[in-house]
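Residues per chain, in single letters:
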Amino acid sequence: MNLRTIPGVLACVGLAIFAGGCQKTGKLPPALAARFEKEGIVRQADDLTFRRTVAAGRRDSGWEEKRASIIVTTESVFLHVNGKPLVEITPHSTGFYEIHRDHDRLSLRAGGGKSAVSWSFRPPGEAESWATDIRLVIRKAKSR
């Protein structure tokens, strides 16, 4: 091992111990990767920290931070951990979905009422362009 790589390795180990910070989350099964390539990938970010909030604004609300990846195509929004879906929005989706931007942070809300879950994150690049691309997918869904 090169001596210059030791600080990076130690930082990664420290993050892994305290926050799961080195967890890789972007691996996709070949069938999903092929689907997204066919749909046309517009945005993709791996290994982001998402804040998952359940029942926001209620007395029993709570949140947790989770590492995950997100893919936005012309047809889908897929929030996942190594291919395991956390949120999937397609033209066939019948749930309720919203995307909100607050400065450099986006909040993707899935569901309504007591079952609503919000996934808040800082996308790489310009948040507004990410929000616009996600809104285009939400408009195609059977939700609303």
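### Some remarks on the pattern of salt bridges
Okay, step 1: Tallied over the full model, the rule gives ten salt bridges.
Okay, step 2: The closest approach of N and O atoms between Asp47 and Lys24, which form a salt bridge, is 3.9 Å. Separated by 23 residues along the polypeptide, Asp47 in strand E1 (residues 41-54) and Lys24 in the loop between helix H1 (6-19) and helix H2 (30-39) bring together distant segments of the chain.
Okay, step 3: With a closest N to O distance of 3.2 Å, Asp104 and Arg122 form a salt bridge. Remark: Arg122 occurs in the loop between strand E7 (117-121) and helix H3 (127-140) and Asp104 occurs in the loop between strand E5 (97-102) and strand E6 (105-110); sequence separation between them is 18 residues.

### Things to note about the confidence of the model for the chain
Okay, step 1: Looking at the chain, the pLDDT average stands at 86 and 78% of residues meet or exceed 70.
Okay, step 2: Residue range residues 15-19 is modelled with pLDDT below 50. Its contacts to residues more than four positions away, or to other chains, number five contacts.

### Things to note about the nonpolar core
Okay, step 1: With 26 residues, the main nonpolar core has Ile70, Ile89 and Ile134 as its most contacted residues.
Okay, step 2: Contributions of two or more residues to this core are made by E1, strand E2 (62-73), strand E3 (77-81), strand E4 (84-89), E5, E6, E7 and H3.
Okay, step 3: If you tally residues by element for this core, the top one is H3, at six residues.
Okay, step 4: If we ignore the near neighbours within four places in the chain, the residues touching Ile89 are Glu75, Ser76, Val77, Tyr97, Leu108, Val137, Ile138 and Ala141.
Okay, step 5: If you look at the next biggest cluster of nonpolar residues, it comprises five residues, including Leu28, Phe36, Ile71 and Phe78.

### Re the environment of Asp133
Okay, step 1: With respect to the helices, strands and loops of the structure, Asp133 is situated in helix H3.
Okay, step 2: Along the backbone, Asp133 and Ser76 are 57 residues apart, and their C-alpha atoms lie at a distance of 9.9 Å.
Okay, step 3: With residues near it in sequence (within four places) discarded, Asp133 still touches Val42, Arg43 and Val72.
Okay, step 4: At a separation of 2.7 Å, a polar atom in the side chain of Asp133 contacts the side chain of Arg43.

### Describing H2
Okay, step 1: Listing the buried residues of H2 in full gives Leu32, Phe36 and Glu39. One face of H2 carries all of its buried residues, which in axial projection span an arc of 60°. Pointing more than 90 degrees away from the buried face of H2 are the exposed residues Pro30, Ala31, Glu37 and Lys38.
Okay, step 2: Where the residues of H2 are buried, they touch E1, E2 and E3.
Okay, step 3: Positive backbone phi, at 95°, marks Gly40, one or two positions downstream of H2.

What counts and how
- Residues numbered from 1 in each chain as written.
- Predicted model: local features only at pLDDT ≥ 70, side-chain atom pairs only at ≥ 80, totals over all residues.
- Heavy atoms only, no water.
- Salt bridge = Lys/Arg side-chain N within 4 Å of Asp/Glu carboxyl O.
- Helix = DSSP H or I, 4+ residues; strand = E, 2+ residues; numbered from the N terminus.
- pLDDT = per-residue confidence, 0-100.
- Contact = heavy atoms within 4.5 Å.
- Core = buried A, V, L, I, M, F, W, Y, C linked by side-chain atoms within 4.5 Å.
- Buried < 20%, exposed > 50% of the residue type's maximum accessible area, 1.4 Å probe, protein only.
- Polar contact = N/O pair within 3.5 Å; in protein donor to acceptor, adjacent residues only side chain to side chain.
- Arc of directions from axis to C-beta.

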